[in-house]
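# Remarks on the overall topology
Below are the chains, spelled out letter by letter.
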Amino acid sequence: PEVQAFEEEFAAFTESQYAVCVNSGSSGLLLALKSLQLGRGSKVLVCAAGFPATLSPILHLGYEPVFIDAHLPSHNLDVEHAIEAILFDASIRAVILAHTLGNPVEMAALVDVCDQRGIYLIEDCCEAVGATYHGRPVGRLGTLGVFSFYPSHQMTALGGGGMVVTNVETFCTRMRSMRDWGKRYDASTYRLSNIQTQYDTPLGESFPYYWGYVYDEVGFNLKLPDANAAFGRVQLKKLPEWVVKRQQHFERLQQMATRWADHWIPIESPPASNPSWFGFPITLRSTTTWVRDQLGDYLEAHGIRHRPFFAGNILRQPAFQGLGEAKDYPVADHLMHHSLFISVWHKLTEEQLGYTEETLARWMCS
(Lines give C-alpha, C1' and ligand atoms only; values in the text may rest on other atoms or scores of the structure.)
Protein backbone atom coordinates (compact mmCIF):
# COMPACT_ATOMS: atom_id res chain seq x y z
CA PRO A 1 0.00 0.00 0.00
CA GLU A 2 2.86 2.45 0.65
CA VAL A 3 4.27 1.87 -2.84
CA GLN A 4 0.87 2.49 -4.38
CA ALA A 5 0.41 5.69 -2.36
CA PHE A 6 3.94 6.86 -3.21
CA GLU A 7 3.26 6.31 -6.91
CA GLU A 8 -0.01 8.22 -6.79
CA GLU A 9 1.51 11.15 -4.89
CA PHE A 10 4.57 11.32 -7.13
CA ALA A 11 2.42 11.18 -10.25
CA ALA A 12 0.48 14.17 -8.93
CA PHE A 13 3.68 16.02 -8.03
CA THR A 14 5.03 15.61 -11.58
CA GLU A 15 1.62 16.21 -13.22
CA SER A 16 1.74 12.71 -14.73
CA GLN A 17 -1.02 10.16 -15.19
CA TYR A 18 1.13 7.22 -14.10
CA ALA A 19 4.15 6.59 -11.89
CA VAL A 20 6.01 3.30 -11.43
CA CYS A 21 8.13 2.81 -8.31
CA VAL A 22 11.42 0.90 -8.67
CA ASN A 23 14.51 0.21 -6.59
CA SER A 24 16.75 2.83 -8.29
CA GLY A 25 16.86 5.46 -10.99
CA SER A 26 19.18 3.23 -13.01
CA SER A 27 16.58 0.46 -12.92
CA GLY A 28 14.00 3.02 -13.98
CA LEU A 29 16.02 3.96 -17.06
CA LEU A 30 16.34 0.28 -18.01
CA LEU A 31 12.60 -0.35 -17.64
CA ALA A 32 11.67 2.88 -19.41
CA LEU A 33 13.76 1.99 -22.46
CA LYS A 34 12.67 -1.66 -22.47
CA SER A 35 8.99 -0.68 -22.26
CA LEU A 36 9.28 0.98 -25.69
CA GLN A 37 9.88 -2.44 -27.30
CA LEU A 38 12.25 -1.11 -29.95
CA GLY A 39 13.59 -3.56 -32.49
CA ARG A 40 16.99 -5.06 -31.79
CA GLY A 41 19.73 -2.85 -33.19
CA SER A 42 17.59 0.29 -32.98
CA LYS A 43 19.52 3.55 -32.63
CA VAL A 44 19.21 5.58 -29.44
CA LEU A 45 20.74 9.05 -29.12
CA VAL A 46 22.64 9.84 -25.90
CA CYS A 47 25.18 12.37 -24.61
CA ALA A 48 28.89 11.43 -24.67
CA ALA A 49 29.40 13.02 -21.23
CA GLY A 50 27.63 11.95 -18.07
CA PHE A 51 26.85 8.89 -15.99
CA PRO A 52 26.79 5.28 -17.29
CA ALA A 53 23.12 4.90 -16.32
CA THR A 54 22.05 6.66 -19.54
CA LEU A 55 24.25 4.54 -21.81
CA SER A 56 24.29 1.09 -20.21
CA PRO A 57 20.58 0.26 -20.81
CA ILE A 58 21.08 0.95 -24.52
CA LEU A 59 23.84 -1.64 -24.63
CA HIS A 60 22.11 -4.16 -22.34
CA LEU A 61 19.07 -4.19 -24.62
CA GLY A 62 21.08 -4.63 -27.80
CA TYR A 63 20.52 -1.14 -29.21
CA GLU A 64 23.07 1.08 -30.95
CA PRO A 65 24.06 4.33 -29.21
CA VAL A 66 24.40 7.52 -31.24
CA PHE A 67 26.61 9.94 -29.32
CA ILE A 68 26.19 13.71 -29.12
CA ASP A 69 28.69 16.03 -27.45
CA ALA A 70 27.89 18.06 -24.35
CA HIS A 71 27.34 21.81 -24.41
CA LEU A 72 28.93 24.62 -22.45
CA PRO A 73 27.88 26.54 -20.50
CA SER A 74 24.70 24.47 -19.90
CA HIS A 75 26.70 21.27 -19.08
CA ASN A 76 23.85 19.34 -20.77
CA LEU A 77 23.41 17.56 -24.09
CA ASP A 78 24.07 19.83 -27.09
CA VAL A 79 20.46 20.19 -28.27
CA GLU A 80 21.36 21.82 -31.60
CA HIS A 81 23.64 18.94 -32.54
CA ALA A 82 21.06 16.41 -31.32
CA ILE A 83 18.43 17.88 -33.64
CA GLU A 84 20.91 17.84 -36.54
CA ALA A 85 21.60 14.14 -35.89
CA ILE A 86 17.88 13.29 -35.77
CA LEU A 87 17.19 15.12 -39.03
CA PHE A 88 20.20 13.44 -40.67
CA ASP A 89 19.57 9.87 -39.46
CA ALA A 90 15.98 8.67 -39.88
CA SER A 91 16.79 5.39 -38.10
CA ILE A 92 17.11 7.01 -34.65
CA ARG A 93 14.18 5.69 -32.63
CA ALA A 94 14.69 7.20 -29.18
CA VAL A 95 16.59 9.85 -27.21
CA ILE A 96 17.82 9.63 -23.62
CA LEU A 97 18.90 12.94 -22.12
CA ALA A 98 19.87 13.98 -18.60
CA HIS A 99 19.01 17.21 -16.82
CA THR A 100 22.55 17.37 -15.47
CA LEU A 101 23.11 18.55 -11.88
CA GLY A 102 19.42 19.52 -11.75
CA ASN A 103 19.74 22.00 -14.62
CA PRO A 104 16.89 21.54 -17.15
CA VAL A 105 17.78 20.91 -20.77
CA GLU A 106 16.51 23.48 -23.32
CA MET A 107 13.71 21.15 -24.40
CA ALA A 108 11.24 23.00 -26.65
CA ALA A 109 12.80 22.51 -30.09
CA LEU A 110 13.95 18.97 -29.33
CA VAL A 111 10.48 17.92 -28.16
CA ASP A 112 8.96 19.35 -31.34
CA VAL A 113 11.37 17.45 -33.59
CA CYS A 114 10.85 14.19 -31.69
CA ASP A 115 7.07 14.59 -31.93
CA GLN A 116 7.27 15.25 -35.67
CA ARG A 117 9.52 12.25 -36.26
CA GLY A 118 7.75 9.83 -33.91
CA ILE A 119 10.84 9.50 -31.73
CA TYR A 120 10.52 8.49 -28.08
CA LEU A 121 12.13 10.87 -25.59
CA ILE A 122 13.26 9.62 -22.17
CA GLU A 123 14.20 12.29 -19.63
CA ASP A 124 16.81 11.24 -17.09
CA CYS A 125 15.71 13.40 -14.13
CA CYS A 126 17.74 11.44 -11.58
CA GLU A 127 19.57 14.59 -10.47
CA ALA A 128 16.67 16.98 -11.11
CA VAL A 129 13.61 16.08 -9.05
CA GLY A 130 11.68 19.28 -8.37
CA ALA A 131 13.04 21.18 -11.40
CA THR A 132 10.66 22.79 -13.91
CA TYR A 133 10.86 24.02 -17.50
CA HIS A 134 8.35 26.64 -18.68
CA GLY A 135 6.31 25.87 -15.59
CA ARG A 136 6.14 22.11 -16.21
CA PRO A 137 7.95 19.52 -14.08
CA VAL A 138 10.88 17.83 -15.76
CA GLY A 139 9.96 14.26 -16.60
CA ARG A 140 6.68 15.33 -18.16
CA LEU A 141 8.15 16.93 -21.26
CA GLY A 142 9.01 13.69 -23.06
CA THR A 143 7.55 10.19 -23.35
CA LEU A 144 8.88 8.96 -20.00
CA GLY A 145 10.70 10.60 -17.10
CA VAL A 146 12.99 8.77 -14.68
CA PHE A 147 13.89 9.90 -11.14
CA SER A 148 16.36 8.69 -8.54
CA PHE A 149 16.19 8.78 -4.76
CA TYR A 150 19.86 8.02 -4.17
CA PRO A 151 20.94 9.39 -0.75
CA SER A 152 22.87 12.39 -2.11
CA HIS A 153 20.04 13.47 -4.42
CA GLN A 154 17.38 16.02 -3.46
CA MET A 155 15.25 13.39 -1.69
CA THR A 156 15.62 9.73 -0.81
CA ALA A 157 13.44 6.71 -0.13
CA LEU A 158 15.37 5.35 2.85
CA GLY A 159 18.69 5.35 1.00
CA GLY A 160 17.56 4.37 -2.48
CA GLY A 161 14.63 4.02 -4.83
CA GLY A 162 13.51 5.46 -8.14
CA MET A 163 10.39 6.37 -10.10
CA VAL A 164 9.31 6.39 -13.75
CA VAL A 165 6.48 8.68 -14.87
CA THR A 166 4.52 8.61 -18.12
CA ASN A 167 1.13 9.40 -19.61
CA VAL A 168 1.07 6.18 -21.65
CA GLU A 169 -0.82 3.41 -19.87
CA THR A 170 0.75 0.65 -21.98
CA PHE A 171 4.25 1.62 -20.86
CA CYS A 172 3.12 1.82 -17.23
CA THR A 173 1.59 -1.67 -17.33
CA ARG A 174 4.69 -3.19 -18.93
CA MET A 175 7.01 -1.61 -16.38
CA ARG A 176 4.91 -2.75 -13.41
CA SER A 177 5.04 -6.26 -14.81
CA MET A 178 8.76 -6.20 -15.65
CA ARG A 179 9.79 -4.92 -12.21
CA ASP A 180 8.35 -8.18 -10.76
CA TRP A 181 9.82 -10.83 -13.06
CA GLY A 182 7.36 -10.09 -15.88
CA LYS A 183 4.30 -11.42 -14.04
CA ARG A 184 0.91 -10.60 -15.51
CA TYR A 185 -0.23 -7.34 -13.97
CA ASP A 186 -3.87 -6.88 -12.94
CA ALA A 187 -4.51 -3.17 -13.53
CA SER A 188 -8.04 -3.40 -12.14
CA THR A 189 -6.83 -4.41 -8.66
CA TYR A 190 -3.43 -2.66 -8.79
CA ARG A 191 -1.59 -5.82 -7.87
CA LEU A 192 -0.36 -9.20 -9.01
CA SER A 193 -3.41 -11.39 -8.48
CA ASN A 194 -3.65 -15.04 -7.41
CA ILE A 195 -7.08 -15.41 -9.02
CA GLN A 196 -7.04 -18.14 -11.65
CA THR A 197 -7.57 -16.98 -15.22
CA GLN A 198 -7.97 -18.65 -18.56
CA TYR A 199 -4.49 -18.48 -20.07
CA ASP A 200 -3.94 -18.68 -23.83
CA THR A 201 -0.47 -19.83 -24.86
CA PRO A 202 1.31 -18.86 -28.08
CA LEU A 203 0.67 -22.45 -29.29
CA GLY A 204 -3.08 -21.96 -29.11
CA GLU A 205 -3.56 -23.96 -25.90
CA SER A 206 -5.87 -22.62 -23.22
CA PHE A 207 -5.98 -23.63 -19.56
CA PRO A 208 -6.60 -22.04 -16.14
CA TYR A 209 -3.59 -20.85 -14.18
CA TYR A 210 -2.79 -18.36 -11.43
CA TRP A 211 -2.82 -14.85 -12.88
CA GLY A 212 0.19 -13.69 -10.86
CA TYR A 213 2.27 -16.60 -12.15
CA VAL A 214 1.62 -16.04 -15.83
CA TYR A 215 4.67 -14.30 -17.28
CA ASP A 216 4.01 -11.84 -20.09
CA GLU A 217 7.44 -10.21 -20.14
CA VAL A 218 11.07 -11.20 -19.64
CA GLY A 219 11.40 -9.25 -16.42
CA PHE A 220 13.59 -8.39 -13.45
CA ASN A 221 13.34 -8.07 -9.67
CA LEU A 222 13.38 -4.27 -9.32
CA LYS A 223 10.69 -3.66 -6.71
CA LEU A 224 11.00 -1.10 -3.89
CA PRO A 225 10.05 -2.30 -0.38
CA ASP A 226 7.08 -0.68 1.33
CA ALA A 227 9.26 0.77 4.12
CA ASN A 228 11.32 2.69 1.55
CA ALA A 229 8.19 3.99 -0.13
CA ALA A 230 6.80 5.21 3.21
CA PHE A 231 10.05 7.09 3.83
CA GLY A 232 9.92 8.56 0.33
CA ARG A 233 6.36 9.83 0.86
CA VAL A 234 7.51 11.91 3.85
CA GLN A 235 10.51 13.21 1.92
CA LEU A 236 8.31 14.23 -1.02
CA LYS A 237 6.29 16.54 1.23
CA LYS A 238 9.51 18.33 2.24
CA LEU A 239 11.01 18.46 -1.24
CA PRO A 240 9.73 21.92 -2.37
CA GLU A 241 11.31 23.58 0.67
CA TRP A 242 14.58 21.73 0.10
CA VAL A 243 14.71 22.74 -3.56
CA VAL A 244 14.49 26.40 -2.52
CA LYS A 245 17.30 25.95 0.02
CA ARG A 246 19.52 24.32 -2.60
CA GLN A 247 18.81 27.21 -4.97
CA GLN A 248 19.80 29.69 -2.29
CA HIS A 249 23.04 27.85 -1.57
CA PHE A 250 23.81 27.65 -5.29
CA GLU A 251 23.19 31.36 -5.84
CA ARG A 252 25.43 32.24 -2.93
CA LEU A 253 28.33 30.26 -4.37
CA GLN A 254 27.58 31.61 -7.85
CA GLN A 255 27.82 35.21 -6.66
CA MET A 256 31.11 34.47 -4.95
CA ALA A 257 32.44 32.83 -8.11
CA THR A 258 31.77 35.86 -10.33
CA ARG A 259 35.03 37.34 -8.98
CA TRP A 260 36.91 34.65 -10.90
CA ALA A 261 34.85 34.53 -14.10
CA ASP A 262 38.06 34.74 -16.16
CA HIS A 263 39.02 31.33 -14.83
CA TRP A 264 35.84 29.28 -14.86
CA ILE A 265 32.67 28.84 -16.90
CA PRO A 266 29.50 29.54 -14.90
CA ILE A 267 26.71 27.08 -15.63
CA GLU A 268 23.72 28.62 -17.40
CA SER A 269 20.07 27.56 -17.33
CA PRO A 270 17.55 27.99 -20.17
CA PRO A 271 15.00 30.82 -19.98
CA ALA A 272 11.83 30.09 -18.01
CA SER A 273 13.46 27.17 -16.21
CA ASN A 274 13.68 26.60 -12.48
CA PRO A 275 16.60 24.29 -11.63
CA SER A 276 16.65 21.92 -8.67
CA TRP A 277 20.37 21.97 -8.02
CA PHE A 278 22.15 18.74 -7.21
CA GLY A 279 25.58 20.35 -6.96
CA PHE A 280 27.64 23.43 -7.78
CA PRO A 281 29.97 22.87 -10.76
CA ILE A 282 33.38 24.49 -11.07
CA THR A 283 34.39 24.08 -14.70
CA LEU A 284 37.72 25.73 -15.44
CA ARG A 285 38.39 27.50 -18.72
CA SER A 286 41.02 26.08 -21.05
CA THR A 287 42.84 29.44 -20.89
CA THR A 288 43.37 29.42 -17.13
CA THR A 289 46.54 28.33 -15.36
CA TRP A 290 44.43 26.76 -12.63
CA VAL A 291 44.40 22.95 -12.54
CA ARG A 292 41.24 21.04 -11.62
CA ASP A 293 43.02 18.21 -9.82
CA GLN A 294 45.00 20.65 -7.67
CA LEU A 295 41.77 22.39 -6.70
CA GLY A 296 40.15 19.05 -5.89
CA ASP A 297 43.08 17.98 -3.73
CA TYR A 298 43.01 21.31 -1.90
CA LEU A 299 39.28 21.01 -1.17
CA GLU A 300 39.65 17.45 0.11
CA ALA A 301 42.61 18.43 2.28
CA HIS A 302 40.41 21.07 3.90
CA GLY A 303 37.46 18.76 4.53
CA ILE A 304 35.29 19.70 1.53
CA ARG A 305 34.21 16.71 -0.55
CA HIS A 306 33.95 17.01 -4.32
CA ARG A 307 33.24 14.84 -7.35
CA PRO A 308 34.44 14.96 -10.97
CA PHE A 309 31.96 15.48 -13.79
CA PHE A 310 30.71 11.89 -13.47
CA ALA A 311 32.35 9.64 -16.12
CA GLY A 312 33.48 12.62 -18.20
CA ASN A 313 33.86 11.56 -21.82
CA ILE A 314 32.36 8.11 -21.37
CA LEU A 315 34.05 6.81 -24.52
CA ARG A 316 37.37 7.11 -22.68
CA GLN A 317 36.17 4.79 -19.89
CA PRO A 318 37.51 1.19 -20.05
CA ALA A 319 34.07 -0.43 -20.37
CA PHE A 320 32.96 1.74 -23.29
CA GLN A 321 36.06 2.09 -25.45
CA GLY A 322 35.43 1.05 -29.02
CA LEU A 323 31.89 2.42 -29.21
CA GLY A 324 33.07 5.56 -30.99
CA GLU A 325 35.93 7.99 -31.45
CA ALA A 326 36.46 9.69 -28.09
CA LYS A 327 38.35 12.54 -29.75
CA ASP A 328 35.19 13.60 -31.60
CA TYR A 329 33.64 14.97 -28.38
CA PRO A 330 35.83 17.89 -27.25
CA VAL A 331 33.34 19.33 -24.74
CA ALA A 332 33.00 15.94 -23.05
CA ASP A 333 36.80 15.83 -22.89
CA HIS A 334 36.91 19.33 -21.40
CA LEU A 335 34.41 18.35 -18.69
CA MET A 336 36.41 15.20 -17.97
CA HIS A 337 39.65 17.12 -17.36
CA HIS A 338 38.55 20.55 -16.11
CA SER A 339 35.33 20.16 -14.12
CA LEU A 340 34.27 19.15 -10.61
CA PHE A 341 31.30 19.89 -8.40
CA ILE A 342 30.69 20.48 -4.70
CA SER A 343 27.66 20.25 -2.45
CA VAL A 344 24.67 22.56 -2.18
CA TRP A 345 22.90 20.20 0.24
CA HIS A 346 19.81 21.80 1.72
CA LYS A 347 20.99 21.09 5.28
CA LEU A 348 24.29 22.96 4.95
CA THR A 349 24.68 25.47 7.78
CA GLU A 350 25.68 29.11 7.51
CA GLU A 351 29.01 28.18 9.06
CA GLN A 352 29.64 25.43 6.50
CA LEU A 353 28.73 27.66 3.56
CA GLY A 354 31.00 30.41 4.86
CA TYR A 355 33.84 27.94 5.29
CA THR A 356 33.39 26.73 1.70
CA GLU A 357 33.55 30.31 0.41
CA GLU A 358 36.64 31.11 2.45
CA THR A 359 38.42 27.93 1.38
CA LEU A 360 37.73 28.52 -2.30
CA ALA A 361 38.84 32.16 -2.00
CA ARG A 362 42.13 31.14 -0.36
CA TRP A 363 42.95 28.70 -3.15
CA MET A 364 41.99 31.11 -5.92
CA CYS A 365 44.05 33.92 -4.44
CA SER A 366 47.09 31.76 -3.76
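Refer to the structure printed above.
Just so it is clear, the model here is predicted, and its values are computed rather than measured. (Residues numbered from 1 in each chain as written. Predicted model: local features only at pLDDT ≥ 70, side-chain atom pairs only at ≥ 80, totals over all residues. Heavy atoms only, no water.)

Before going further, it helps to examine a nonpolar patch on the surface. Together, W181, Y209, Y210, Y213 and Y215 line one region of the surface with nonpolar side chains, adding up to about 580 Å² of accessible area. By the secondary structure assignment, Y213 is in the loop between β11 (206–210) and α7 (226–257). (Patch = residues over 30% accessible without salt bridge, like charges linked within 9 Å, V, L, I, M, F, W, Y side chains within 5 Å. Areas by Shrake-Rupley, 256 points an atom, 1.4 Å probe, with all protein chains shown as cover. Salt bridge = Lys/Arg side-chain N within 4 Å of Asp/Glu carboxyl O. Helix = DSSP H or I, 4+ residues; strand = E, 2+ residues; numbered from the N terminus.)

A sheet is described by the order of its strands in space; here three strands give the open sequence β7-β6-β12, paired in antiparallel fashion. Of all strands in the sheet, those with a lone pairing partner are β7 (136–137) and β12 (273–274), marking the two edges. As judged from the two bridges shared by strand β6 (residues 132–133) and β12, these two strands associate in the antiparallel manner. Bridging from a neighbouring strand, Y133 pairs with S273 of β12. (Pairing = 2+ DSSP bridges.)

Relative to the helices and strands, L295 resides in helix α8 (residues 292–301). Separated by 68 residues in sequence, L295 and W363 have C-alpha atoms that sit 7.3 Å apart. Discounting chain neighbours no more than four positions away, the residues touching L295 are I282, L340, L360 and W363. (Contact = heavy atoms within 4.5 Å.)

Let's shift gears to the packing of aromatic side chains. Inspection of the entire model under this criterion finds 15 aromatic pairs. Taking 5.9 Å as the distance between ring centres and 80 degrees as the angle between the ring planes, the aromatic pair formed by Y120 and F171 counts as edge-to-face. Of the two residues, Y120 sits in strand β5 (residues 120–124) while F171 sits in helix α6 (residues 169–178), which places them 51 residues apart along the sequence. Accessibility expressed as a relative area gives 7% for F171, which makes it buried. Taken together, the aromatic side chains of F6, F10, F13, F147 and F149 make up a single cluster linked through ring pairs. (Phe/Tyr/Trp six-rings, centres within 6.5 Å; stacked < 30°, edge-to-face > 60°. Buried < 20%, exposed > 50% of the residue type's maximum accessible area, 1.4 Å probe, protein only.)

Buried residues dominate strand β9 (residues 162–166), accounting for five of its five residues. Side chains G162, V164 and T166 project from β9 onto one buried face, and the interleaved M163 and V165 project onto a second face that is buried too. Where strand β1 (residues 18–22) and β9 come together, five bridges link them in antiparallel fashion. Residue pairing in the sheet places C21 in a bridge with M163 of β9. Alignment of strand β8 (residues 144–148) against β9, held across five bridges, turns out to be antiparallel.

To continue, consider the environment of L30. Assignment of secondary structure puts L30 in helix α2 (residues 25–35). Each C-alpha atom, one on L30 and one on R285, is 35 Å from the other, the two residues being 255 residues apart in sequence. The residues touching L30, leaving out its near neighbours within four places in the chain, are P57, L61 and F220.

Its 16 residues give helix α10 (residues 350–365) an end-to-end C-alpha distance of 22 Å, which sits within 8% of 22 Å, the value for a rise of 1.5 Å per residue. All buried positions along α10 are accounted for by L353, G354, T356, E357, T359, L360, A361, W363 and M364. Of the surrounding elements, those touching the buried residues of α10 are α7, β13 (279–283), α8 and β15 (339–343). (Expected span 1.5 Å × (residues − 1).)

A few words on the pattern of salt bridges. Summed over the entire model, instances satisfying the criterion amount to 13 salt bridges. For K43, the salt bridge identified is with D89, shortest N-O distance 2.8 Å. Here D89 lies in the loop between α4 (79–88) and β4 (92–98) and K43 lies in strand β2 (residues 43–47), a separation of 46 residues in the sequence. The class for D89 is buried, based on a relative accessible area of 17%. Here R252 and E357 are joined by a salt bridge, their closest N and O atoms 3.0 Å apart. Placement of R252 in helix α7 and of E357 in helix α10 is noted, with a sequence separation of 105 residues between them. Each of E2, E9 and R233 takes part in a single network of salt bridges with overlapping partners.

Turning to the packing of α8 against α10, a few remarks are in order. Contact geometry for α8 and α10: axes closest at 11 Å, N-to-C directions at 140 degrees. In terms of axis orientation, α8 runs oblique to α10. Classified by chirality, the crossing of α10 by α8 is right-handed. Here α8 contributes Q294, L295, Y298 and L299 to the contact with α10, which in turn contributes T359, L360, R362 and W363. Residue classes in the contact of α8 with α10 are distributed as five nonpolar, two polar and one charged. (Axes fitted to C-alpha atoms, helices over the stretch in contact; angles between N-to-C directions. Parallel < 35°, antiparallel > 145°, perpendicular 65-115°, else oblique. Left-handed = near helix turned anticlockwise from the far one by under 90°. Nonpolar A, V, L, I, M, F, W, Y, C, P; charged D, E, K, R; others polar.)

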